[in-house]
Amino acid sequence: MNIYQWFIFFLGVQLIHYLGTWKLYEKAGRKSWEAGIPIYNSIVLMKIINRPTWWTFLLFIPIINLIMFPVIWVEILRSFGRRSTLDTFLGIATFGLYIYYINYTQEVNYIADRNTNATTKTGDTVSSLLFAIIVATFVHTYFIQPFTIPTSSLEKSLLIGDFLFVSKMNYGARVPMTTVAAPMVHDTLPLIHTKSYLNWPQLPYFRFPSLEKIKNNDIVVFNWPGDTVVKFFDRSGQRADKPIDKKSNYVKRCVGIAGDSLAIKDGIVFVNGKELILPERAKPQFSYVVVYDKKTPIDIDGLLSNLKISKADAPGAMNQNNDSLYFPAVTAESAEKLKEIPGFISVAKFINNKPDLSVFPHSKPWNIDNYGPIYIPEQGKMVKLDLVSLPLYKRIITEYEGNKLEIKGDTIYINDKIATSYTFKQNYYWMMGDNRHRSEDSRYWGYVPENHIVGKPIFIWMSWNSDGVGIMNKIRWERMFTTVSGEGQPQSFFKYFLGLLALYFVGEYFWKKRQADKKV
């Protein structure tokens, strides 16, 4: 929905509210026309139901307003003496339309001095739970969202089983485009495994001001710009088209930002003609081929253990082919250790030199190790458009920026006009995994639009190793409460957290003891 359509929709909602409540406004001592003035009618309504004026703000926050609407319906009914369980059920089950019945057919009296406090323990529990859900949803949507690392594409920097806090504020919180959705879940309802949202209505893209801009080497959470897979690890071909903010969440390293020129040569990323120097915490991994002496016995399990390479990260090492071993995920540091092992004749990084049409844009003689150069589009900048360059920007023009594209002979038409150039409407980014030969990233599906950016991972609060034996070994204690970015190697702040937690409980104990002593 565009802004004009949303304006009409908004006026329609106001009309529905006016028609269903104007008599109730009059019975509450207000003017009937006050029920029809957008926003002002909500402020007046808060006075009628004896609720704080700031509740009006909650009615206009996407997702949170879905929780608030049923609350307001029930509050209206109770303000006019309809407090029964049946009234509450009908008010919610009819999506508030039960109020029409009350407004036009029932003689009700307004209770001006209604007690808004819960009169039962159940009511108090429900009120507290609703307040907690609203606060949690607000924080989850606009400030910090928990996130789990599902794949090894950023292995060494982020591990499978890391539980992160992702900041929405750093790159600017994005207002949910999907307005009707279950709070604090992504695209699927837990347990029942059904869709957690409705595709309509959709808000236009809007992002609040950011604390910082995305920089080269930042680790970023974003919505996968391709058609979202039905199940994350299912590559059977079944796909589902979803709204932008409900597409699968991915996390990668941003190696190229808007306006950059990027190329990959023998696996090394070059940005604007210079090699991209990764931060110390990053541990890029490549595939290595090891030629060994067959006469020398090799303990593969022991080798992987000494190099801190899990079997899951190096399945190819299990398959000895003649006199060579294949390691698909090895850091430069581990590669140097491999060279020191007796019986290993040579250790060489595997570089792909064959054209691979599975890489974006699926029409160039490139592959994941030798790629480009490409230009990463910047908002407001123009590129020349012809049949050679078009494959790089086709998806941007059509899917991401909503234009009609046609090719007639050698001529390109955009929105029924001949186009020899194109000006971009938003910024784009190039995302890659540090595990260079085991990462599904921009090399396969291209640019990431700015409206797909979710946030910046800032903190690992928990890390779970499913291969560990026993609860103490399943938790990676050294990774708990570590920052994702920063200089040097990661440092755990878990002991400081435990110290603060202990101080809190000790302080609470003495405070309660002091209060008890005062009563005596």
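Okay, so let's go over this structure. Being a predicted model, the structure only gives us computed values, none of them experimental.

### Description of the overall build of the protein
In terms of regular secondary structure, the protein is built from 13 helices and 22 strands. Taking the principal axes of the C-alpha coordinates as reference, the protein spans close to 95 × 80 × 35 Å. Per-residue burial over the protein gives 43% buried out of 520 residues. Split by element, the accessible area of the protein, about 27800 Å² in all, is 61% carbon and sulfur. In the protein, 60 side chains carry a positive charge and 46 a negative one; their mean positions are 6 Å apart.

### Some points on unusual backbone geometry
For the peptide bond that leads from Phe-360 to Pro-361, omega is 5 degrees, which places it in the cis range. With respect to the secondary-structure elements, Pro-361 resides in the loop between β12 (344–349) and β13 (371–375). In the segment running from Gly-372 into Pro-373, the intervening peptide bond is cis, with an omega of 15 degrees. Along the polypeptide, Pro-373 turns up in strand β13. In this model, Ile-39 sits at a positive phi of 70 degrees, which is unusual for a non-glycine residue.

### Remarks on the sheet that holds strand β7 (residues 261–265)
Reading across from one edge, β9-β8-β7-β13 is the order of the four strands in this open sheet, with antiparallel pairing throughout. Of all strands in the sheet, those with a lone pairing partner are β9 (274–275) and β13, marking the two edges. With three bridges joining them, β7 and β13 adopt antiparallel strand pairing. Bridging across to β13, Ile-264 finds its partner in Tyr-371.

### Focus on the sheet that holds strand β11 (residues 324–331)
Where strands meet in a sheet, backbone hydrogen bonds hold them as pairs that are either parallel or antiparallel. Strand order in the open sheet formed by three strands is β11-β10-β12, and the pairing between neighbours is antiparallel. Edge positions in the open sheet fall to β11 and β12, since each of these has one partner strand only. Ignoring which end each strand starts from, the neighbouring axes of this sheet average 25 degrees apart. In terms of strand pairing, strand β10 (residues 285–292) meets β11 through six bridges, oriented antiparallel. Across the sheet, the residue bridging to Phe-286 is Val-330, located in β11. Together, β10, β11 and β12 form the strand contacts of helix α9 (residues 332–339), whose direction differs from that of β11 by roughly 145 degrees.

### Notes on the nonpolar core
Core analysis: the biggest nonpolar cluster contains 31 residues, and Leu-262, Leu-385, Tyr-393, Trp-430 and Tyr-447 have the highest contact counts within it. For this core, the elements supplying multiple residues, two or more each, are β7, β8 (268–271), β13, α10 (390–400), β16 (411–414) and β19 (428–432). A per-element tally of this core places α10 first, with six residues. When neighbours within four sequence positions are excluded, Leu-262 is seen to be in contact with Val-255, Gly-256, Val-269, Phe-270, Val-271, Gly-372, Pro-373, Ile-374, Ile-376 and Trp-430. Within the second largest apolar cluster, 30 residues are counted, among which are Ile-64, Val-71, Trp-73 and Ile-76.

### Structural notes on the side chain of Ser-42
For Ser-42, the location among the structural elements is in helix α2 (residues 40–48). Here Ser-42 falls in the buried class, since its relative accessible area comes to 11%. Among residues more than four places away in sequence, those in contact with Ser-42 are Thr-56, Leu-59 and Phe-60.

### Digging into α2
Among all positions of α2, only Asn-41, Ser-42, Val-44, Leu-45, Met-46 and Ile-48 are buried. Buried residues belonging to α2 abut α1 (3–27), α3 (55–58) and α4 (64–79). Phi turns positive one or two residues past the end of α2, at Asn-50, with a value near 60 degrees.

### With respect to the packing of aromatic side chains
All chains considered together, the criterion is met by 39 aromatic pairs. When the ring of Tyr-98 is compared with that of Tyr-101, the centres are 5.7 Å apart and the planes differ by 20 degrees; the resulting orientation is stacked. Placement of both Tyr-98 and Tyr-101 in helix α6 (residues 98–105) is noted, with a separation of three residues, approximately one turn of the helix. The exposure class of Tyr-101 is partly exposed, given its relative accessible area of 41%. Measuring from ring centre to ring centre gives 5.3 Å for Tyr-504 and Phe-505, while their planes differ by 70 degrees; the resulting arrangement is edge-to-face. Here Lys-195 stacks its cationic end above the ring of Tyr-197, 5.1 Å away from the centre of that ring. Taking NZ or CZ as reference, Lys-408 lies 4.9 Å from the ring centre of Tyr-413, over its face.

### Focus on a nonpolar patch on the surface
Judged by side-chain polarity, Trp-54, Phe-131, Val-135, Val-139, Phe-143, Met-169 and Leu-211 come together as a nonpolar surface patch covering roughly 670 Å² of accessible area. Mapped onto the elements, Leu-211 comes out in the loop between β2 (162–167) and β3 (219–223). Overall, the relative accessible area of 64% leaves Leu-211 in the exposed class.

### Quick word on empty space enclosed by the protein
All told, the structure shown has one cavity of 30 Å³ or more when counted by the stated rule. Approximately 30 Å³ is the volume found for the largest cavity. Considering every element that reaches the lining of the largest cavity, the biggest residue donor is α10, with four residues. Partitioning the lining of the largest cavity into residue classes produces six nonpolar, one polar and one charged.

Calculation criteria
Residues numbered from 1 in each chain as written. Predicted model: local features only at pLDDT ≥ 70, side-chain atom pairs only at ≥ 80, totals over all residues. Heavy atoms only, no water. Helix = DSSP H or I, 4+ residues; strand = E, 2+ residues; numbered from the N terminus. Buried < 20%, exposed > 50% of the residue type's maximum accessible area, 1.4 Å probe, protein only. Areas by Shrake-Rupley, 256 points an atom, 1.4 Å probe, with all protein chains shown as cover. Lys, Arg positive; Asp, Glu negative; His and termini not counted. Charge placed at Lys NZ, Arg CZ, Asp CG, Glu CD. Pairing = 2+ DSSP bridges. Axes fitted to C-alpha atoms, helices over the stretch in contact; angles between N-to-C directions. Contact = heavy atoms within 4.5 Å. Core = buried A, V, L, I, M, F, W, Y, C linked by side-chain atoms within 4.5 Å. Phe/Tyr/Trp six-rings, centres within 6.5 Å; stacked < 30°, edge-to-face > 60°. Lys NZ or Arg CZ within 6 Å of the ring centre and 35° of its normal. Patch = residues over 30% accessible without salt bridge, like charges linked within 9 Å, V, L, I, M, F, W, Y side chains within 5 Å. Salt bridge = Lys/Arg side-chain N within 4 Å of Asp/Glu carboxyl O. 1 Å grid on protein atoms, 1.4 Å probe; cavity = no way out; pocket = protein on both sides within 12 Å on 5 of 7 lines; lining within 4 Å. Points joined across faces, edges and corners; volume = space filled by probe spheres on them. Nonpolar A, V, L, I, M, F, W, Y, C, P; charged D, E, K, R; others polar.

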